[in-house]
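Listed below are the residues making up each chain.
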Amino acid sequence: MFITFEGIDGCGKSTQLKHTAEYLRSIGLDVVCLREPGGTKFSEQIRDILLSTKSKINSISELLLFEAARADLTQNVIIPSLNEGKFVLSDRFFDSTTAYQGYGRELDLNTINTLNSFSSLNIKPDLTFYLKIDLELSYRRSKYRTPDRMESAGEEFFLKVINGFDEIAKNNPDRICIIDSSGKPEITFQSIKNRIITTLQKSK
Ligand code: TYD
């Protein structure tokens, strides 16, 4: 089973992914944790380029680099792990490209959908958690970190990204589960766990 975690910076994806992995392992499942962009040597190198504040990248090159990182990760890690029956958890996947490069950078959404399917070799997450917070909370939670190149984009950009995630979730109600992530991490995790338990029961 392939599960992804999405949302804007500061939404708590990494923490929730960690709790989810711990839970799945505690019930005896084999879990692989990944992040996008990243997860292979090549994709981590692309991540460094994409997130470095020294990089000057136009929107189209940015899109293609995120897709290139995804193609490598999908082919070399995600598909082999799924074929071995493992649970794959990823901190971001193609919904981030639709939200950030499609809605945020305003690149053509049809082109992005085509590239997303191409780079992910037509696989899709079985379940996606969209951890929803507003922009103010995102800024509050990230204020002690030095922003990377993507995080340095302005407020207008992030409002478009949030609207993007909202639209993507509305268009994929069977796959995407919206979770209020504005409260305590334990409460957020309880909602995630409940949904996972239901999904596991259905897949039996
Ligand atoms: P993120 O996963 O949030 O890592 P960290 O928590 O270490 O900052 O950083 C990745 C950044 O890349 C984030 O700002 C979102 C952005 N991104 C895109 O713009 N498009 C994509 O397709 C992906 C996967 C990420």
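Model, not experiment: these values are computed from the prediction.

Colleague: What is the right way to look at the nonpolar core in this model?
Modeller: Soluble, globular proteins show a tendency: their nonpolar side chains are buried together. Ranked by internal contacts, the top residues of the largest apolar core, which has 42 residues, are Tyr100, Phe129 and Ile196. A per-element tally of this core places helix H7 (residues 155–171) first, with seven residues. Once you skip the residues sitting within four places of it in the chain, tyrosine 100 turns out to touch Gly7, Ile8, Asp9, Arg92, Arg105, Met150, Phe157, Phe158, Val161 and Phe165. Ranked by size, the runner-up nonpolar core spans 10 residues in total, among them Phe2, Val32, Val88 and Ile123.

Colleague: Looking at this structure, how should I read the sheet that holds strand S1 (residues 2–6)?
Modeller: Neighbouring strands of a sheet are bound in pairs by backbone hydrogen bonds; such pairs are parallel or else antiparallel. Pairing within the open sheet is parallel, and its five strands lie in the order S2-S3-S1-S4-S5. Each of the sheet's edge strands pairs with one partner strand only, and the pair in question is strand S2 (31–35) and strand S5 (176–180). With direction set aside, neighbouring strand axes in the sheet form an average angle of 20°. Sheet topology note: the S2/strand S3 (residues 87–91) ladder contains five bridges and is parallel. Note on S3: the bridge partner recorded for leucine 34 is serine 90. Across the sheet, helix H1 (residues 13–26) is in contact with S1, S2, S3 and strand S4 (127–132); its angle to S3 comes to roughly 170°.

Colleague: Please explain the site of the ligand as it appears in this structure.
Modeller: In the neighbourhood of the ligand, 16 residues make up the surrounding shell, with Arg47, Arg92, Thr97, Tyr100 and Gln101 lying closest. Here an oxygen atom of the ligand and a side-chain polar atom of threonine 97 are 2.5 Å apart. Relative to its free-state accessible area of 560 Å², the ligand is covered by the protein chains to the extent of 90%. Put simply, the parts of the chain that give the shell around the ligand at least two residues each are helix H2 (41–51), helix H3 (59–83) and helix H4 (94–104). Among the elements that take part in the shell around the ligand, H4 stands out by supplying four residues, more than any other.

Colleague: I keep staring at the pattern of salt bridges and nothing clicks. Help me out?
Modeller: Side-chain pairs of opposite charge can arise where the charged atoms are in close proximity. Using the criterion set out here, one finds 14 salt bridges in the structure. The shortest N-O distance in the salt bridge between glutamate 136 and arginine 140 comes to 3.6 Å. With glutamate 136 and arginine 140 both in helix H6 (residues 135–142) and four residues apart, this pair spans about one turn of that helix. For glutamate 136, a relative accessible area of 52% puts it in the exposed group. Between lysine 170 and glutamate 167 there is a salt bridge, and its shortest N-O distance comes to 3.3 Å. Residue lysine 170 and its partner glutamate 167 are both found in helix H7; the two are separated by three residues, about one turn of the helix. Each of the salt bridges in this network shares a partner with another, and the network as a whole consists of Glu36, Glu67 and Arg70.

About the thresholds
- Residues numbered from 1 in each chain as written.
- Predicted model: local features only at pLDDT ≥ 70, side-chain atom pairs only at ≥ 80, totals over all residues.
- Heavy atoms only, no water.
- Core = buried A, V, L, I, M, F, W, Y, C linked by side-chain atoms within 4.5 Å.
- Buried < 20%, exposed > 50% of the residue type's maximum accessible area, 1.4 Å probe, protein only.
- Helix = DSSP H or I, 4+ residues; strand = E, 2+ residues; numbered from the N terminus.
- Contact = heavy atoms within 4.5 Å.
- Pairing = 2+ DSSP bridges.
- Axes fitted to C-alpha atoms, helices over the stretch in contact; angles between N-to-C directions.
- Near = heavy atom within 4 Å.
- Polar contact = N/O pair within 3.5 Å; in protein donor to acceptor, adjacent residues only side chain to side chain.
- Areas by Shrake-Rupley, 256 points an atom, 1.4 Å probe, with all protein chains shown as cover.
- Salt bridge = Lys/Arg side-chain N within 4 Å of Asp/Glu carboxyl O.

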